[in-house]
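A closer look at the structure
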Amino acid sequence: MSGNTTRTAIVTGASKGLGAGIAKALAETGAAVVVNYRGHAEGAERVVEDITAKGGRAIAVQADVAGREDVSRLFGRARAAYGPVDVLVNNAAVATFAPLSDITEAEFQREMTTNLLGTILTTQALAAQDDITSASVINVSTAGTVTHPLYSSLYVASKSAVNAFTIVAAKELGPRGIRVNAIMPGPSDTEGTRAMGYPGSDQEAQAIAATPLGRTGSPDDYGPLVAFLASDDARWITGDVILASGGLR
Ligand SMILES: NC(=O)c1ccc[n+]([C@@H]2O[C@H](COP(=O)([O-])OP(=O)(O)OC[C@H]3O[C@@H](n4cnc5c(N)ncnc54)[C@H](OP(=O)(O)O)[C@@H]3O)[C@@H](O)[C@H]2O)c1
């Protein structure tokens, strides 16, 4: 990270998918990276091994971002290993695509607590550190908040709330030198979208046809953007919500 002072990053939900790509990209810039996961320890350990094999610093820490105690333990482990946390990537999220009639209260709780409350709790924990003088929070939203795909109402509502939270939190935390931005990835090939049957589907073909750069995204597409937002090169950027979707809108 050129000219930056940030050294310790937490990437939530980094055991696979976009989070894994982002964790690796941050490690390549010299940051010590905490690879958070909820259930899949093996995936997180693989990401740690990839990073350390290249000479980087990383540890895996299990924590459910939707719980305050887990978040507190996550920050405690990060600080004990590497010192104050000055980069936070809120990537962990869950999604289902379903017609309005199928949305249950249980699914509402699951998506809103992971996607929105999780982002709030981790950002609070970052800001609660009284030994940081600057920091960068990057929230991973979705291009769906611009394209509004059919059957995504709950998921896109949760991420639209993340976009709004990003802008307000940036105002509140700016005076302390804490920048808060969000990125809006386009449809990408990850374990999550594979489990939904997205690759090879009609939906994917339609999205590719509507994407000026003509392909589905990959986990490698987002790391450089997040590393930039984490770095001092982005020192004048806060409260922004950036579309990174190959032009799909
Ligand atoms: N892939 C896309 O097409 C796409 C497009 C736009 C936006 N996004 C956004 O990009 C981010 C990553 O998506 P992805 O497709 O890479 O997801 P993914 O493959 O499903 O991976 C999700 C990650 O989040 C973790 N996670 C889930 N709930 C958690 C919780 N409560 N606490 C901690 N970790 C939790 C998972 O950990 P475990 O596996 O250990 O449970 C996993 O590491 C999400 O915010 C998603 O909304 C993705």
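Attention here is on the structure that accompanies the text. (Residues numbered from 1 in each chain as written. Predicted model: local features only at pLDDT ≥ 70, side-chain atom pairs only at ≥ 80, totals over all residues. Heavy atoms only, no water.)

**Points about the pattern of salt bridges**
- Here the structure, examined in full by the defined rule, presents eight salt bridges.
- Of the charged contacts, one joins Arg 79 and Asp 131 as a salt bridge, the two residues approaching to 2.7 Å between their closest N and O atoms. Within this pair, whereas Arg 79 is found in helix H3 (residues 68-82), its partner Asp 131 is found in the loop between helix H4 (105-127) and strand S5 (135-140), the two being separated by 52 residues in sequence.
- In this structure Asp 131 comes out as partly exposed when scored by relative accessible area, which is 38%.
- Measuring nitrogen to oxygen at the nearest pair gives 2.9 Å for the salt bridge that ties Arg 215 to Asp 221.
- Residue Asp 221 is classed as partly exposed on the basis of its relative accessible area, which comes to 32%. (Salt bridge = Lys/Arg side-chain N within 4 Å of Asp/Glu carboxyl O. Helix = DSSP H or I, 4+ residues; strand = E, 2+ residues; numbered from the N terminus. Buried < 20%, exposed > 50% of the residue type's maximum accessible area, 1.4 Å probe, protein only.)

**Thoughts on the sheet that holds strand S7 (residues 241-244)**
- Taken together, seven strands build an open sheet; the order of strands is S3-S2-S1-S4-S5-S6-S7 and the sheet is parallel. Two strands in the sheet have a free side with no partner beyond their single neighbour: strand S3 (58-62) and S7. Neighbour to neighbour, the strand axes of the sheet diverge by 20° on average, direction disregarded.
- The sheet contact formed by strand S6 (residues 178-185) and S7 spans four bridges and is parallel. Bridging from a neighbouring strand, Pro 185 pairs with Ala 244 of S7.
- Lying over the sheet, helix H2 (residues 41-53) contacts strand S2 (32-37) and S3, oriented at roughly 170° with respect to S3. (Pairing = 2+ DSSP bridges. Axes fitted to C-alpha atoms, helices over the stretch in contact; angles between N-to-C directions. Contact = heavy atoms within 4.5 Å.)

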